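# Residue-level structural notes
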Amino acid sequence: AQSVAQPEDQVNVAEGNPLTVKCTYSVSGNPYLFWYVQYPNRGLQFLLKYITGDNLVKGSYGFEAEFNKSQTSFHLKKPSALVSDSALYFCAVRDKENQGGKLIFGQGTELSVKP
Amino acid sequence: KAGVTQTPRYLIKTRGQQVTLSCSPISGHRSVSWYQQTPGQGLQFLFEYFSETQRNKGNFPGRFSGRQFSNSRSEMNVSTLELGDSALYLCASRFSTYNEQFFGPGTRLTVL
């Protein structure tokens, strides 16, 4: 079965410092990986995806993620955190057992950026 | 382009009632998926519709059902509501298999 794990429930970062939100996955074959962000009382906003190609993926709002096949990881990064980045972040993998749109999500990581 | 819209945004029902939630996908998107988000279980897939056909179904009881219309708009229905059905219900649409899903703001359902 395919799965995604976000080992940290919460990440605290000072504004201006780099941030990393961790994600590891378990899938058979090549994974399709995604990062989403959720602000309070809002739906999920798409940040970036890895389908194939370069291991470093650039996304919205200055975020990027590094796909590491040997470590089965897809960590989300940003060189300089902003207070407005404080939100709930979800890593997801597309369920490849079917050709449909089922995403399997991690439990989420609460990012808190302090001024 | 307008994003995914969901109505209503908030809903309060009592146990035993039924509820219908609506989702309008982004124009041109033919796939609509539904997810349930709760603090305890996180985000869980309910089902996906593509061109009016249910493609996939998550591990939810038969009280949860859905449908898609010819204009790609989708509805989900929950019958005989239980307290545990209280959740944020998210709808997402996508253009094709390899594209990302775009989510609506959700419908917050509270069952009393």
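Keep in mind it's a predicted model, so treat the numbers as computed, not measured. (Residues numbered from 1 in each chain as written. Chains lettered and ligands numbered in written order. Predicted model: local features only at pLDDT ≥ 70, side-chain atom pairs only at ≥ 80, totals over all residues. Heavy atoms only, no water.)

### Section: the sheet that holds strand 1 (residues 5-7) of chain B
All names here are of chain B. The line we're drawing: Pairs of strands are assigned from DSSP output, requiring at least two bridges between the strands. A run of H or I in DSSP counts as a helix once it spans at least four residues, and a run of E counts as a strand once it spans at least two, with each numbered from the N terminus. In this description, a line fitted to the C-alpha atoms serves as the axis of each element, helices being fitted only across the stretch in contact, and the angle between N-to-C directions of two axes falls anywhere from 0 to 180 degrees.
The strand order 1-3-8-7 describes an open sheet built from four strands, whose pairing is antiparallel. Pairing within the sheet leaves two strands with one partner each, and these edge strands are strand 1 and strand 7 (64-68). The mean inter-strand angle of the sheet, taken between neighbouring strand axes irrespective of direction, is 20°. The pairing of strand 7 with strand 8 (residues 74-78) spans five bridges and is classified as antiparallel. The residue bridging Gln-68 from the neighbouring strand is Ser-74, located in strand 8.

### Here we look at the side chain of Asp-85 of chain A
All names here are of chain A. Counted only if it meets this: We call two N or O atoms a polar contact when they sit within 3.5 Å, provided that within protein one can donate a hydrogen and the other can accept it, with sequence-adjacent residues counted only if both atoms are side-chain atoms. Any two residues whose heavy atoms approach within 4.5 Å at even a single point are treated as in contact.
Residue position: Asp-85 is located in the loop between strand 9 (73-78) and strand 10 (87-94). One polar contact links Asp-85 to Lys-78, side chain to side chain, over a distance of 2.8 Å. Setting aside residues no more than four positions away along its own chain, Asp-85 makes contact with Leu-19, Phe-63, Lys-78, Ser-80, Leu-111 and Val-113.

### Thoughts on the pairing of strand 2 (residues 10-14) of chain A
Looking along a regular strand, one sees side chains alternate from face to face of the sheet. All names here are of chain A. Definition in use: Relative accessibility decides the category of a residue: with a 1.4 Å probe and only protein chains considered, values under 20% of the type maximum give buried, values over 50% give exposed, and everything between is partly exposed.
On strand 2, burial follows the alternation: Val-11 and Val-13 on one face are buried, whereas Gln-10, Asn-12 and Ala-14 on the facing-out side are not. Here five bridges tie strand 2 to strand 12 (residues 109-114), and the two strands are oriented parallel to one another. Across the sheet, Val-13 pairs through a bridge with Val-113, a residue of strand 12.

### What about the interface of chain B and chain A?
Many analyses report the size of an interface as the accessible area lost when the parts associate. The condition that has to hold: Throughout, buried area stands for the accessible area (probe radius 1.4 Å) lost by two parts on being put together, summed over both. A carboxyl oxygen of Asp or Glu within 4 Å of a side-chain nitrogen of Lys or Arg is what we treat as a salt bridge. Each residue is assigned to one of three groups, with Ala, Val, Leu, Ile, Met, Phe, Trp, Tyr, Cys and Pro labelled nonpolar, Asp, Glu, Lys and Arg labelled charged, and all others, Gly among them, labelled polar.
Opposite the 24 residues of chain B that make contact, chain A presents 21 residues. When the two sides are added together, the surface that chain B and chain A hide from each other amounts to roughly 1800 Å², 53% of it contributed by carbon and sulfur. Of all residues in chain B, the largest losses of buried area upon contact with chain A belong to Leu-43, Tyr-98 and Glu-100 of chain B, amounting jointly to 30% of the total for that side. Linking chain B with chain A are one salt bridge, by the criterion used here. For the interface between chain B and chain A, the tally reads four residue pairs in polar contact (both at pLDDT 80 or more). Among the secondary structure elements, those contributing two or more residues to the side of chain B that touches chain A are strand 4 (31-38), strand 5 (42-50), strand 6 (53-57) and strand 9 (87-94) of chain B. With four residues, strand 5 of chain B is the single largest residue contributor to the side of chain B that touches chain A. Here the side of chain B that touches chain A is composed, by residue class, of eight nonpolar, 10 polar and six charged.

### Notes on the state of the cysteines
Residues and elements named next belong to chain B. This is how it is decided: Criterion for a disulfide: a pair of cysteine sulfur atoms at a distance within 2.5 Å.
Within this structure, the stated rule accounts for two disulfides over all chains. What pairs with Cys-23 in a disulfide is Cys-91, and their sulfur atoms sit 1.7 Å apart. Disulfide Cys-23-Cys-91: the torsion about the S-S bond is -55°, which places it as left-handed. Placement of Cys-23 in strand 3 (residues 19-24) and of Cys-91 in strand 9 is noted, with a sequence separation of 68 residues between them. The residues Cys-23 and Cys-91 share a single accessibility class, namely buried.

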